[in-house]
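Listed here are the chains, written in short residue letters.
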Amino acid sequence: MQRHYEVRTNRKSSIPPAYDVRGGGMSFSNLEIKWQHIRELTKILVVGTATFTSAPATVAKTLSTLGYHVVLVEDVLQAISRIKEEKFGVVLVTIAQPGKEQGNSVLERMKQIDPELNVVMLSLRDSSETTLLYLRSGAADVLSAPLAPEVAQTRLGSIVEINYLKSELRTVSNENQIVNSALGELKSEQMEVTAARDQAVRQNDLLRTECQRQNALIREYETTIRKKNEESESIDSSVIFLNKEVDRWKAEATTLAETNRELQREHTLQKEQLENLKKPALLSGNEAAFELAKQVEINNALVAENRKLKENGGKIVQNQALLDEFEGLKKTLVKRDKKIASLRTIEVKLEEKEETIKSITKDWGDEKRERMAREAELIEMDRSLTIATRRITAYESHINELKGKITTLCWRLALLSSELTQRYVLNAPEFWSASEEGAEMVQKVKSSMSSPAENITQALNAANNPDMNPTQLRKLLQQVLDSIRSSNNIYRPSVTQMFEASPLDDMTQRWMEWELTSPLENQNPDGDNDVVDLNLDATVTSTWNFDVFNYEEPTLVALTVGMFRELGLLKKFSITGNTMTRFVEDVRASYRTNPYHNFRHAFDVTQTCFMMLKEGGAMNYLNPLDHFGLLMAALCHDLDHPGLNNNFHCAARSKLAMIYNDMSVLENHHCCVAFKLINKSKINVLSGLSASQYQEIRKTMVSAILTTDMSQHFELLGKFNTRLGTAEFSKENANDRQMIVQVLLHASDVSNVAKPVNVRRWSDLCFEEFLCQGDKEKEMGLPVSPFFDRKNTDQVKLSLNFIDYLTHPLYSSLTKVLPKLEVCLNWMKQSREYWSKQSESEVVLPQVDKKEAAKFVQKTKRAALEKTAAEHRTETTRSVAADRLQPKRTEISVLKEYLNKRTTTREKSCRSGPQLIYLDRKLFVR
Ligand SMILES: [Zn+2]
């Protein structure tokens, strides 16, 4: 009861729970309850009580017992007025007289009112011809009275279901449109906000620079002013000092001049005295002597006076010199005064400047405030951006959800439509084509190598052809149904189906299970270098005939660099020849010396990729960064390969298997080693790339290397084939480019059989590596991989299998995009011929001892047994298919018989003319 209630409340959701992509599965009973509920909500208009038969009333009763809401009206006129007023899920029109005219006019009138209306014709008289006519004129179905409840339930139920699913699809699509437009608005809003933000940031930066410039100017002015002030202060103090000195000198000079004048006066006086003294000396002796003594005395005094005078004279001269010096000093002072005056003017100017700076600083403060306001605005913008982004993400996930719903609904619609079409076709005479059982088997065998998705795409594409007859259409739709039912892995063919369709020997079967599917799917049974000459001619590598075994490894390194250079990649991504050479040298050193997975193989794959780009025309679908990514991926795709495959690592529970959880163990390891090498700072060949370019090339390389895992083969090929069925590949589409890079690398990795040289040599090396692994498996007590056991292996068969199941389908698909690779298909054909010749020659018994001979006999016996078993399997498949066909055949034979009877009656009616027509009418009127 609780479940019943849940289902009813779920009705509000736009999708029935059974098809809800989030909800997962739903039990049949719940589904039935769901549809019962939908039937209860569906109104059915039954028209035709005026035909005077009980058929319409009986049908109405049947339908209401089935849970439909039924409205019963007399005739078409009443029905039309009801249709104009309310909505009916189905209109059931009773046709008394089967005839083209009547039925078509009713259909036409009803469809004019509502083109979507489901009109079902209820024929009182059964007639295959009119049935087809009504269906072609747009009737949803044609039923015949009396209507059995099961028939009413299934056929009207399908119409109601389709109707319901269509309306759901419309609702979801509308919602999707609304969400998409909202998303567009949000995105443009986001762009606006981002642009505004960028502008604000730019303005802010400009302002900041201007402020810094002005600040520097102010600092410079301040320093100058300080210096000038200091200078003028020192000048001031020296002026004061000098002024004092001058005063002192002046006073001294005055005193000296006074002294001199006095001395002069004294001197004159003494001269006069001397003259006076000279006169009496002429008078007498005594007197003369006396006078003489006196004179001597006077003379002495004069001499002293004279000395004094002389001394004073020196002092005067000295003073004069001091005065002169003072005059000089005076001149210096005048100069200094002038300098001071000029400094004063500078000071005034500086003060003016300071004023200007102050005003600028004030302005700057205003700008700073403005900037802060802008920053706040920016933070606000960022916040709204984050919100918008979050909303966009939410919208996008919602859109994805809706897309999922739409896909589910489309599938459901296609399924129901095909079921309906199948029913119609069963009524059509064209159906009775002879023995289609055989054709169906052939189709089954053919389709077993394709994945479900490929089958569906092919069938739906073919169904679009308007010229297709119903039998073909039926077959196609049956194929679609089979494909949908067959698998969870929509892109991978079912391995068991392949085995059923074409009998394979045990070893090949096990190999396909083992090698071509992921280990996780398998049932576990038990559980600095020298730089060589860079100027090698790159054109030697520009051929499919390039023989990698003709060159030593150092030469191959130089040739690798040459290929990068030839494609213009070194120049384009700013890599020097030396850096590239060092990198390739490091790559070479990182490959081990396995028989097959070594540097020579890496070079071979790289050169094949190079050829596919240059000669195969792949360049047109990729951009230079992809060319670079493809060659780098090819060069690195088997780095540090240990010579043991993924299955070995998983079975042996190796360290690597633990690190990568058994998923593409080696491929993950190759990627990891590659990027470790690339990120070594000395030889970083990707250092010239921008961050986004680095991200892109990393994505390309990782995805390409990971798809070299053989267990990814069918998934990749299936996707590629499905993509081939739609529009042309586009260089603008990143997904397309990625897919092409993946396919090119995978194809190059298995290209040994697609090239004209060394087919056998590569095979031998590869086989040697396999056998070594087989030895190791035995040694470790692990189950030995199929074909890897030295004592029980078949190189020829494995090589043929490899071409038939792997490389040929891959290259066939690839050639559809790159027609120039047709040459590879031809070489592959030659390789296959070579191996099949080998297989013929090996039929000759080898020289063996008795023991070996006994073994051989046993082996032959086992092969015979296997063959019988395989035949038995095929027979079983055939009989199962026949059993499945049996009910249909019975149905067909019943219908055949019925039609024969009808034809006979009709022939009779033609012979007996009007009488029988009358009888018919009478029958109707009754
Ligand atoms: Zn490889």
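Predicted model only: the values in this text are computed from it and were never measured.

A closer look at the overall build of the protein chain
- Within the protein chain one finds 29 helices and five strands.
- A buried classification covers 42% of the 926 residues belonging to the protein chain.

Remarks on the packing of aromatic side chains
- For the structure on display, the rule yields 13 aromatic pairs.
- Between the aromatic rings of Trp-544 and Trp-827, the centroid separation amounts to 6.3 Å while the plane-to-plane angle is 55°, which identifies the pairing as tilted. One end of the pair, Trp-544, is in the loop between helix 13 (506-515) and helix 14 (553-566); the other, Trp-827, is in helix 27 (residues 822-841), with 283 residues separating them in the sequence.
- You can call Trp-544 buried: its relative accessible area is 12%.
- Site record: aromatic cluster; members linked through ring pairs are Phe-546, Tyr-551 and Phe-603.
- The ring of Phe-675 carries Arg-698 above its face, with NZ or CZ at 4.5 Å from the centroid.

Points about the pairing of strand 1 (residues 43-47)
- Most of strand 1 sits out of view: four of its five residues are buried.
- Where strand 1 meets strand 2 (residues 69-73), five bridges bridge the pair, whose relative direction is parallel. For Ile-44, the partnering residue across the bridge sits in strand 2 and is Val-70.
- In terms of strand pairing, strand 1 meets strand 3 (residues 90-95) through four bridges, oriented parallel. Looking at the pairing, Val-47 lines up with Val-93 of strand 3.

A closer look at the environment of Ser-711
- If you trace the backbone, Ser-711 turns up in the loop between helix 22 (691-706) and helix 23 (713-724).
- Between the alpha carbons of Ser-711 and Asn-646 there is a distance of 9.5 Å; along the sequence they are 65 residues apart.

Remarks on the nonpolar core
- Counting 100 residues, the largest nonpolar core has Met-580, Phe-583, Phe-628 and Met-632 as the members making the most contacts within it.
- No other element matches the ten residues that helix 26 (residues 795-817) contributes to this core.
- Counting 23 residues, the second-largest nonpolar core is a separate cluster that includes Leu-66, Val-90, Leu-92 and Val-160.

Description of the coordination of the zinc ion
- In this structure, His-601 (NE2), His-637 (NE2), Asp-638 (OD) and Asp-749 (OD) serve as the protein donors to the zinc ion, at separations of 2.1 to 2.2 Å.
- Coordination at the zinc ion comes from four donor atoms whose angles at the metal span 82 to 172°, giving a geometry best classed as irregular.
- For His-637, a relative accessible area of 0% gives the class buried.
- Owing to a relative accessible area of 5%, Asp-638 belongs among the buried residues under this scheme.

Some points on the UniProt feature "active site" (unreviewed entry) in the protein chain
- Those residues carrying the UniProt feature "active site" (unreviewed entry) are His-597 in this numbering.
- With respect to the helices and strands, the residue His-597 is situated in the loop between helix 16 (577-590) and helix 17 (599-614).
- Since its relative accessible area comes to 14%, His-597 is described here as buried.
- In this structure, His-597 is in contact with Tyr-591, Arg-592, Asp-638, His-641 and Glu-769, ignoring residues within four places of it in sequence.

Some details on the packing of helix 18 (residues 624-636) against helix 22
- Between helix 18 and helix 22, the shortest axis-to-axis distance is 9 Å and the interhelical angle comes to 45°. It follows from the interaxial angle that helix 18 and helix 22 lie oblique. Where helix 18 crosses over helix 22, the two elements pack in a sense that is right-handed. Residues Leu-625, Asp-626, Phe-628, Gly-629, Met-632, Ala-633 and Cys-636 of helix 18 pack against Gln-693, Glu-696, Ile-697, Thr-700, Met-701, Ala-704 and Ile-705 of helix 22.
- Partitioning the contact of helix 18 with helix 22 into residue classes produces nine nonpolar, three polar and two charged.

Regarding the confidence of the model for the protein chain
- Per-residue confidence for the protein chain gives a mean pLDDT of 77; residues scoring 70 or more make up 74%.
- Contacts for the low-pLDDT stretch residues 424-439, under 50 throughout, to residues beyond four places or in other chains number 28 contacts.
- Here residues 908-926 is a poorly scored stretch, pLDDT under 50, and it has twelve contacts once near neighbours within four places are set aside; other chains count.

What about the sheet that holds strand 1?
- Taking strand neighbours across the sheet as the criterion, the five strands line up as 2-1-3-4-5 in an open arrangement whose pairing is parallel. Of all the strands in the sheet, just strand 2 and strand 5 (141-144) have a single pairing partner and so form its edges. Here the strands of the sheet are splayed against their neighbours by 25° on average, with no regard to which way each runs.
- Bridge count for strand 4 (residues 119-123) against strand 5 is four bridges, and the pairing is parallel. Within strand 5, the residue paired with Val-120 across the bridge is Asp-141.
- Contacting strand 1, strand 2, strand 3 and strand 4, helix 3 (residues 55-65) crosses the sheet at an angle of about 170° to strand 2.
- Helix-sheet contacts for helix 6 (residues 128-136) involve strand 3, strand 4 and strand 5, and the interaxial angle to strand 5 is about 150°.

So, the packing of helix 18 against helix 24 (residues 734-749)
- Where helix 18 meets helix 24, the closest approach of the two axes is 10 Å, and the angle between their N-to-C directions is 30°. Between helix 18 and helix 24, the interaxial angle falls into the category roughly parallel. In the crossing of helix 18 with helix 24, the sense of the turn from one axis to the other is right-handed. In contact with Asp-626, Leu-630, Ala-633 and Ala-634 of helix 18, helix 24 contributes Arg-737, Val-741, Leu-744 and Leu-745.
- Class assignment for the residues of the contact of helix 18 with helix 24 results in six nonpolar, no polar and two charged.

Quick notes on the side chain of Thr-581
- Note on placement: Thr-581 falls in helix 16.
- Polar side-chain contacts of Thr-581 include one of 2.6 Å to the backbone oxygen of Gly-577.

Here we look at the side chain of Asp-789
- In this structure, Asp-789 sits in the loop between helix 25 (759-779) and helix 26.
- A distance of 2.8 Å separates polar atoms of two side chains, one belonging to Asp-789 and the other to Lys-778.

Section: the pattern of salt bridges
- Within the structure shown, the criterion is met by 23 salt bridges.
- Its salt-bridge partner being Glu-86, residue Lys-43 comes within 2.6 Å of it at the nearest N-O pair. With Lys-43 in strand 1 and Glu-86 in the loop between helix 4 (76-85) and strand 3, this residue pair connects regions lying 43 residues apart in the sequence.
- Overall, the relative accessible area of 23% leaves Glu-86 in the partly exposed class.
- Residues joined by salt bridges that share partners form a network here, namely Lys-43, Arg-82 and Glu-86.

Structural notes on a negative patch on the surface
- A cluster of acidic side chains, namely Glu-222, Glu-351, Glu-352, Glu-354 and Glu-355, defines a negative patch on the protein surface.
- With four residues, helix 8 (residues 285-427) is the largest single contributor of residues to the negative patch.
- Among the secondary structure elements, Glu-355 is positioned in helix 8.

About the cut-offs
Each chain has its residues counted from 1, following the order in which its sequence is written. Restriction of local features to residues with pLDDT of at least 70 applies here, the model being predicted, together with a cutoff of 80 or more for giving and counting side-chain atom pairs; totals for whole chains, interfaces and linings are based on all residues. Side-chain measures were taken over the full set of non-hydrogen atoms in the model, leaving aside hydrogen atoms and water. Under the scheme used here, helices are H or I runs from DSSP no shorter than 4 residues and strands are E runs no shorter than 2 residues, and both carry numbers assigned from the N terminus. For the exposure calls, accessible area comes from a 1.4 Å probe over protein chains only, and a residue counts as buried if that area is under 20% of its type's maximum, exposed if over 50%, partly exposed in between. Note on aromatic pairs: the rings of Phe, Tyr and Trp (six-membered ring only in Trp) are paired at centre separations within 6.5 Å, and the planes decide the class, stacked below 30 degrees, edge-to-face beyond 60, tilted for the rest. Criterion for a charge above a ring: Lys NZ or Arg CZ within 6 Å of the ring centre, and within 35 degrees of the ring normal. Being paired, for any two strands, means DSSP has found at least two bridges between them. Throughout, nonpolar core names a set of buried Ala, Val, Leu, Ile, Met, Phe, Trp, Tyr and Cys residues whose side chains join them through atoms within 4.5 Å. Metal coordination here is assigned from N, O and S atoms located within 2.8 Å of the ion, or within 3.2 Å for Na, K and Ca; omission of water means that sites may look incomplete. The geometry test gives tetrahedral to four donors whose angles all lie between 85 and 135 degrees, gives square planar to four donors and octahedral to six donors whose opposite members are over 155 degrees apart with all other angles between 65 and 115, and gives irregular to the rest. UniProt positions are given in the numbering used here, feature names are shortened, and annotations may be inferred rather than shown by experiment. In what follows, residue pairs with any heavy atoms lying within 4.5 Å of each other are defined as contacts. The convention used is that axes are lines fitted to C-alpha atoms, helices contributing only their stretch in contact, and that angles between N-to-C directions extend from 0 to 180 degrees. Put simply, angles under 35 degrees are roughly parallel, angles over 145 are roughly antiparallel, angles from 65 to 115 are roughly perpendicular, and the rest are oblique. Crossings are assigned a handedness: left-handed for a near helix turned anticlockwise from the far helix by less than a right angle, right-handed for a clockwise turn. Classification used: nonpolar for Ala, Val, Leu, Ile, Met, Phe, Trp, Tyr, Cys and Pro, charged for Asp, Glu, Lys and Arg, polar for all others including Gly. As a per-residue measure, pLDDT tells how confident the predictor is, with possible values from 0 to 100. Side-chain atoms alone can form a polar contact between residues adjacent in sequence; in general such a contact is a pair of N or O atoms within 3.5 Å, and within protein one must be able to donate a hydrogen while the other accepts it. Salt bridge criterion: a side-chain nitrogen from Lys or Arg within 4 Å of a carboxyl oxygen from Asp or Glu. Each patch is built from residues lacking any salt bridge and having more than 30% relative accessible area; the joining distance is 9 Å for like charges and 5 Å for nonpolar side chains (Val, Leu, Ile, Met, Phe, Trp, Tyr). Surface accessibility in these figures is a Shrake-Rupley result with a 1.4 Å probe; residues are shielded only by whichever protein chains are displayed. His is not counted here, nor are the chain ends, while Lys and Arg score as positive and Asp and Glu score as negative. The atom standing in for a charge is NZ when the residue is Lys, CZ when it is Arg, CG when it is Asp and CD when it is Glu.

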